[in-house]
Amino acid sequence: MRDYSIEPSVVEGKPTFRQIDELIGAPLEKMPDKKFYIAISITGTMFLTGIICWGLSFYYGTGLWGNNNPVGWGFPIVNFVFWVGIGHAGTLISAILFLFRQRWRNGIARFAEGMTIFAVMTAGIFPLFHTGRPWLAHYLFPLPNDHSLWVNFTSPLLWDVFAVSTYFTVSFIFWYVGLIPDFANLRDRTKNKVKKVIYSITSLGWRASNRHWQHYELVYLILAGFATPLVLSVHTIVSFDFAVSIIPGWHTTIFPPYFVAGAVFSGFAMVQNVLIFVRKVFNYEKIITVDILEKMNKIIILTGSMVGYAYAMEFFIAWYSGNQAESFVFINRAFGDYAWAYWIMVSCNVIFPQLFWIKRIRRNIPIMFIIGVLVNVGMWFERFVITVTSLSRDFLPSSWAYYKPTLIDGGILIGSFGMFFTLLLLFTKSLPVVSIAEIKSVIDGAQPTHHHKEANNGK
Amino acid sequence: MENKKIYSVVGLFDTADEIIHASEKVVENGYKKFDINTPFPVHGLNQAMKLKSSPMGYFALVFGLTGTAIALLTMAFMMTFDYPLNIGGKPLFPLPAFIPVTFEVTVLLASIGTVLALLFVFFKMPHNSHPLHDSNYMKKCTTEKFGVCLEADDEKFNEADAKAFLEKLGAKEIETIYTVKEDVPPIFTKQFIGFLVFTVIVISGATYFVTNKLMFMPPFNWMMDQHRVNVQSVSTFFPDSFSMREKVEGTVPRGFMPEEYKESPDSAGKYLQNPLEYNEKNIALGKKKFLTYCSPCHGNLAKGDSRLKDNFPKPPTLHSKKLKEWTDGRIYHVITFGQGVMPSYAKQVTRQERWAIIQYIRTLQRALNPSEEDFNGAK
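Every value quoted in this text rests on a predicted model; they were computed, and no experiment measured them.

Further remarks concern the pattern of salt bridges. Residue and element names in this part refer to chain A. Counted under the stated rule, the structure contains 24 salt bridges over all chains. Between Asp21 and Lys440 there is a salt bridge, with the nearest N and O atoms lying 2.9 Å from each other. One end of the pair, Asp21, is in helix H1 (residues 17-29); the other, Lys440, is in helix H15 (residues 436-441), with 419 residues separating them in the sequence. For Asp21, a relative accessible area of 2% puts it in the buried group. The closest approach of N and O atoms between Glu438 and Arg105, which form a salt bridge, is 3.1 Å. Of the two residues, Glu438 sits in helix H15 while Arg105 sits in the loop between helix H3 (75-99) and helix H4 (109-130), which places them 333 residues apart along the sequence. Taken individually, Glu438 and Arg105 each receive the classification buried, so the pair is uniform in this respect.

What follows is the structure in structure tokens.
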């Protein structure tokens, strides 16, 4: 029998502090290798495709997209919800697991937070361009203007503006506060003068003083405490964009928990996918262990089952409510024009993740990678199904239509992946992707044993 | 470097156990101004150093409540008082709909405020000129060792004693840190003022370009320059070069059916009927409109005795036998199309109001010349 009262170390192999510094600092000191250039040229090309399509949309307007009546919310909103969802795993790992004192999150928190920030940046572009005149987007905020008219504070779309911008700002602050001690570490180890100036500025003159650590730790805890309800509120409010309207298939109270579970689900799949590469490329196998990946897979199966439950419950309520429009929409989702998208969604989100009940699959890296990719495909299609099927079959049969995205839509979708991964690649080469201070604090023997008093008395 | 001032004496330890032990001894020894520097927060060190608990939680509370108040007051000002907008019949202060934004602003302000207070007020950062920076001690403390720093400001401080004390505790690499003279960056130098002027020119130039030029270039001006005919402009499309077109003959605006019997007041008297019920509400409406539009000439009681009676073709009384015998429709025709010097009042009073005025005139006629029956009815 395994003794579960003894927590196994989250870092394998008992490295010394110096080894940790060298391991985590290595990618920042070496010139990028060939693999890096290949990777960034692929993501850079994707990003460039996106920039061209964004530029065309900027100049010629939203008429280049497939959006039209009745589907006014095509790809841009699907992609927005998808990317905001990806961001949610980062905050869950860095804030919620921190509050639950899950020490294994220390090795992956920094990276996941970075993914949050880049995902929210990517997501933010879509509503910006969906306004049609991105250069007037500042009017989304309540600015005093010539018409003395204010924004509508009772609209979920405005709540979204506040939620996403607050989410980005707080995530960024949380990330930066975590980086300060690491910048000080890099400042004191670097031999390059330019880097030293940069790290001196960014570390703000951190002195690793315990009189500072004391306040710092409390503030970190407070930020985690704020970020936790914040992350739940963000996707809740995103779901309000749908649920507060009266379109059949959207107007349901299950949306907020369903969206949050889905966001964590897809976000964890994305974090898991990227970490598999990061641990391999930078030799972080002992910091980002298979145990950690297994724990993430457990969260994927939990949230995946919650999403599956939500799908079933939507169908049940559509039938149980006796509402004709509602039950039509759900039957149409499963057997109508978009049935292909619906069944991609169900198989990727509900069926494949259930394989993680088997321990060997949970710990097998190639298989978990494939399942992670499938989960993200499924979650993208979930947003597609919700947005497009409901709008294409609204209350007025005369306006029904089949939504077809254009090439520009596809280019922007590719570009969003390009932007996200380009930013991630640059991040791995410019900042420590694992929190040096946090990982040191969970190495075996790093914390006091509190036996010294007895030892001294024995002397 | 002559007058070097001692900042502190420092020593390094290898393990967390040792640093806890050392800090307890430092406190026991009565040192007040000292510090422990560690690469990561060590559990139990706050107790060993006998530090007071951190007040940052109260800061977060105050900043958060400030955010709540700002959000709620701002939204109330904008949506309830400054520009009240009826949205779907909801109240002008819809608290449930204000909750999301209130929550977000609370979290935003609490996070930003707490972190700024921590870094810039509590830690007094950025502080890159601190004496400890660039010392061997600091380089070890941010990476792999645990250090004790006994500061020279302490009353008990004595360089030799401090060194001996640290040695006794088992510290390694004991050394003395000297203060550095802080360079005050010169502000009023030519370079700095030049930099300021340059910045001002660039920013104002960019602002001028963006707001006065860029916003009038494509695609930003496409909203203004559309393929459409603007009012008061010459049309190149229509042969008569008028941009405004004549209405199609016989066009009637919505809700403005033309009045009948314009040329035949007698037919109006014969065929038009007062559609209103004879009741208090309609009489009250008629009174209000009569006093506004009719009384200036006809007088408050319709006796034709207004202040215009001497310097004007005398406005007739409405209590004459002719008027009493006229039907409602005949009076309606006069109000609608005018008669003699009286102009049309069709633009000033609506159809319904005209009929109400007629009811009021009938009321006046009866009130000023009551019949026997009226008195009997009163008894």
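So, on to the packing of aromatic side chains. For any pair of aromatic rings, the description consists of the separation of the ring centres together with the inter-plane angle of the planes. Residue and element names in this part refer to chain A. Using the criterion set out here, one finds 78 aromatic pairs over all chains in the structure. Ring geometry for Trp206 and Trp213: centres 5.0 Å apart, planes at 80 degrees, overall edge-to-face. We note that Trp206, like Trp213, is buried. For the pair Phe315 and Tyr342, a centre-to-centre distance of 6.1 Å together with 65 degrees between the ring planes defines the contact as edge-to-face. Of this pair, Phe315 sits in helix H9 (residues 290-320) while Tyr342 sits in helix H11 (residues 339-351), placing them 27 residues apart in sequence. For Tyr342, a relative accessible area of 7% gives the class buried. In this structure, Arg101 is placed above the aromatic ring of Phe98, and the distance from its NZ or CZ to the ring centre is 5.6 Å.

Moving on, we come to the interface of chain A and chain B. In this complex, chain A contributes 68 residues to the contact, which on the side of chain B involves 76 residues. The interface formed by chain A and chain B includes two salt bridges. Across the pair Arg18(A) and Glu144(B) runs a salt bridge whose closest N-O atoms are separated by 2.6 Å. Taken together, chain A and chain B are joined by 24 residue pairs in polar contact (both at pLDDT 80 or more).

Rules used throughout
- Residues numbered from 1 in each chain as written.
- Chains lettered and ligands numbered in written order.
- Predicted model: local features only at pLDDT ≥ 70, side-chain atom pairs only at ≥ 80, totals over all residues.
- Heavy atoms only, no water.
- Salt bridge = Lys/Arg side-chain N within 4 Å of Asp/Glu carboxyl O.
- Helix = DSSP H or I, 4+ residues; strand = E, 2+ residues; numbered from the N terminus.
- Buried < 20%, exposed > 50% of the residue type's maximum accessible area, 1.4 Å probe, protein only.
- Phe/Tyr/Trp six-rings, centres within 6.5 Å; stacked < 30°, edge-to-face > 60°.
- Lys NZ or Arg CZ within 6 Å of the ring centre and 35° of its normal.
- Contact = heavy atoms within 4.5 Å.
- Polar contact = N/O pair within 3.5 Å; in protein donor to acceptor, adjacent residues only side chain to side chain.

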